[in-house]
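Results of the structural survey
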Amino acid sequence: MVVAHYLDADDRVRWALLHLAPLYGTDGATVIPLIQEQIAELAGVTRPTVNRVLRDERKRGTVVLERGRVRIVDQDELERRVPRVGA
């Protein structure tokens, strides 16, 4: 995973959410129906790291946590918080 060389663990979680968003977004709503373990595998981090980052993003108002899924409610802010890789 190339992003592992350029992004820290927290940013890799945010990066993973942003890359999943187009797959699960519909009509302005983005609900990612994955559990934390699956997001951790994609981001190359541990589940506790995903949990911590998601709780932080919830406090910032960028996501809403639901059972077995993550709803992205402020994708623009989430994008601003992830450094560009390869740009």
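Residues numbered from 1 in each chain as written. Predicted model: local features only at pLDDT ≥ 70, side-chain atom pairs only at ≥ 80, totals over all residues. Heavy atoms only, no water.

Here we come to the overall build of the protein chain. Helix and strand content of the protein chain: five helices and four strands. Taking all 87 residues of the protein chain together, the buried fraction comes to 36%. Partitioning the contacts of the protein chain with sequence separation of at least 6, the portion at a separation of at least 24 is 56%. Just so you have it, the protein chain exposes about 5400 Å², and 47% of that area is on carbon and sulfur atoms. (Helix = DSSP H or I, 4+ residues; strand = E, 2+ residues; numbered from the N terminus. Buried < 20%, exposed > 50% of the residue type's maximum accessible area, 1.4 Å probe, protein only. Contact = heavy atoms within 4.5 Å. Areas by Shrake-Rupley, 256 points an atom, 1.4 Å probe, with all protein chains shown as cover.)

Turning next to helix α4 (residues 47-60). Between its terminal C-alpha atoms α4 stretches 20 Å, which fits the 20 Å expected from 14 residues at 1.5 Å a residue. Where α4 is concerned, the buried positions are T49, V50, V53, L54 and E57. Around the axis of α4, the buried residues are gathered within 125° of arc, so they sit on the same side. In this structure, the buried residues of α4 make contact with α2 (9-24), α3 (36-43), β3 (63-66), β4 (69-72) and α5 (75-80). Phi turns positive one or two residues past the end of α4, at G61, with a value near 85°. (Expected span 1.5 Å × (residues − 1). Arc of directions from axis to C-beta.)

Turning to the environment of E79, a few remarks are in order. Mapped onto the elements, E79 comes out in helix α5. Along the chain, E79 and L17 lie 62 residues apart, while their C-alpha atoms are 9.7 Å from each other.

The next subject is the sheet that holds β3. Spatial ordering of the open sheet is given by β1-β2-β4-β3, a layout of four strands whose pairing is antiparallel. A single partner strand is all that each edge strand has here, and the edge strands are β1 (25-26) and β3. Judged from the four bridges that link them, β3 and β4 form a sheet pairing that is antiparallel. Each bridged residue has a counterpart across the sheet, and for V64 the counterpart in β4 is R71. Along the sheet, α2 makes contact with β1, β2 (29-32) and β4, crossing β2 at roughly 110°. Strands in contact with α4 are β3 and β4; relative to β3, the strand with the most contacts, it is inclined by about 125°. (Pairing = 2+ DSSP bridges. Axes fitted to C-alpha atoms, helices over the stretch in contact; angles between N-to-C directions.)

The next point concerns the environment of E41. Relative to the elements of secondary structure, E41 occurs in helix α3. Distance in space between the C-alpha atoms of E41 and V13 is 9.8 Å, their sequence separation being 28 residues.

Grouped together as the largest cluster of nonpolar side chains are 22 residues, with contacts concentrated most on V13, L17, I39, V50 and I72. Elements with a minimum of two residues in this core: α2, α3, α4 and β4. The greatest single-element share of this core, amounting to seven residues, is contributed by α2. I72 has contacts with L17, A21, T30, I32, T62, V63 and L78, leaving out every residue within four places of it along the chain. (Core = buried A, V, L, I, M, F, W, Y, C linked by side-chain atoms within 4.5 Å.)

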